[in-house]
Amino acid sequence: MSETNFKERVFSGIQPSGNLTLGNYLGAVKRFVEMQNSGIETIYCMVDLHAITVWQDPIALKTQTRELAAAYIACGLDPNKSILFNQSQVSAHAELGWILSCVTRLGWMNRMTQFKDKAGKNAEKMSLGLYAYPALMAADILAYQATHVPVGEDQKQHVELTRDIAAKFNHDYGLELFPLPEPIIEGAATRVMSLRDGSKKMSKSDPSDKSRINMTDNADTIASKIRKAKTDPDSLPSEPKGLENRPEARNLVNIYAALSDSSVSDVLKEFGGQQFGTFKPILAELAVNHLAPISSEMARLMDDPVEIDRLLNDGAMRADAIAAPILKKVKNAVGMIV
Ligand code: AMP
Ligand code: TRP
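The rules behind these values
Residues numbered from 1 in each chain as written. Chains lettered and ligands numbered in written order. Predicted model: local features only at pLDDT ≥ 70, side-chain atom pairs only at ≥ 80, totals over all residues. Heavy atoms only, no water. Phe/Tyr/Trp six-rings, centres within 6.5 Å; stacked < 30°, edge-to-face > 60°. Helix = DSSP H or I, 4+ residues; strand = E, 2+ residues; numbered from the N terminus. Buried < 20%, exposed > 50% of the residue type's maximum accessible area, 1.4 Å probe, protein only. Lys NZ or Arg CZ within 6 Å of the ring centre and 35° of its normal. Polar contact = N/O pair within 3.5 Å; in protein donor to acceptor, adjacent residues only side chain to side chain. Contact = heavy atoms within 4.5 Å.

A short note on the packing of aromatic side chains
Two descriptors summarise a pair of aromatic rings, namely the distance from one centre to the other and the angle between the planes of the rings.
Thinking step 1. Using the criterion set out here, one finds 11 aromatic pairs in the structure.
Thinking step 2. On the basis of an interplanar angle of 40 degrees and a centroid distance of 6.1 Å, the ring pair of F32 and Y72 is categorised as tilted. Of the two residues, F32 sits in helix α1 (residues 22–37) while Y72 sits in helix α3 (residues 58–74), which places them 40 residues apart along the sequence.
Thinking step 3. A relative accessible area of 0% means that F32 is categorised as buried.
Thinking step 4. When its relative accessible area of 1% is taken as the criterion, Y72 is described as buried.
Thinking step 5. Plain terms: the ring middles of F85 and Y144 are 6.1 Å apart, the flat faces sit at 55 degrees to each other, and that makes the pair tilted. Of this pair, F85 sits in strand β3 (residues 83–86) while Y144 sits in the loop between α7 (128–142) and β4 (148–150), and the two are 59 residues apart along the sequence. You'll find F85 and Y144 in the same group, each marked buried.
Thinking step 6. Members of the aromatic cluster, connected to one another through ring pairs, are Y256, F271, F276 and F279.
Thinking step 7. The ring of Y133 has K118 lying over it, and the distance from NZ or CZ to the ring centre is 5.6 Å.

Printed below as a string of structure tokens:
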């Protein structure tokens, strides 16, 4: 729990940039659902303002936002239990994002490894938004005074930056307006790797579709991608230590553990000594049993986009009811006429 007396509140978001993957599911959405069902107040967002930091086709963006909403619900998020909404429909995000940009130091931003990874050698051609986006992410979290942020490992640095921004704001304006939120990075698959290269994160944007399992893949596609996943020629070890320096083997075992809600060492107790030829079909069956009902529920929900938009409008109103009074306090603290 954070230092001061803030109510426990969970916030997280995912970009509606298409191709929700097994990495997003195991690293993020599965945990979102568990937290919702544990009875804490939970707020989950489609972060479209983040998605446009790189080019998004306008028509596709709307579809992808609805698809992400459908995925959230198909995975078990209940719009009656959680607040589920689209970022740009709540203006506090952009407004607080600007104010926090004025608190954030350039030196802090220059350390963000995700920007360096995404921009590579082309930093000059990237948008200012892509560089500034961690300050907007801090605003997403702090607009709700959220205390806990479930994310995959790649987002840890951004949540830590959020803590620095919150602390500096509190210090500069002499009040405890923001909690210092904690990243929640748990489970056996906080970093799901590419099925083609165990050194790369499974990603929506990998040019090879075979590198990832999409939440919309059908049973045959899932099974074939797992069968063809890169592995080494050895059999599975019977203890976690034996997975060292075997990134592809470790990735498949992590996925199995996360999907079956068990630990890596339990999985290895069961499968140690077996070849991938035996393990892969069993993993494929587990993945299909888990994911096929989600993708068919997504397809069903996508048949009624009007209903999705209605749910999102309702979510935005509920989110705004929390964020607007907090933003008002921020503006007042900063010296703006409210
Ligand atoms: P993004 O797709 O970048 O918006 O990520 C949304 C959420 O999914 C974040 O919490 C990420 O940390 C998480 N995530 C994305 N890719 C992976 C992955 N390969 N393994 C684990 N978590 C992931
Ligand atoms: N930056 C996150 C990602 O790309 C998405 C995100 C935006 C987020 N705002 C957030 C995650 C607030 C947690 C909390 O994965």
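A short note on the side chain of K225
Thinking step 1. Considering the arrangement of structural elements, one finds K225 in helix α9 (residues 219–227).
Thinking step 2. The exposure class of K225 is buried, given its relative accessible area of 6%.
Thinking step 3. Within the structure, the side chain of K225 is placed 2.7 Å from the side chain of D217, a separation counted as a polar contact.
Thinking step 4. With residues up to four places along the chain from it excluded, the contact list for K225 reads L195, D209, K210, R212, I213, N214 and D217.

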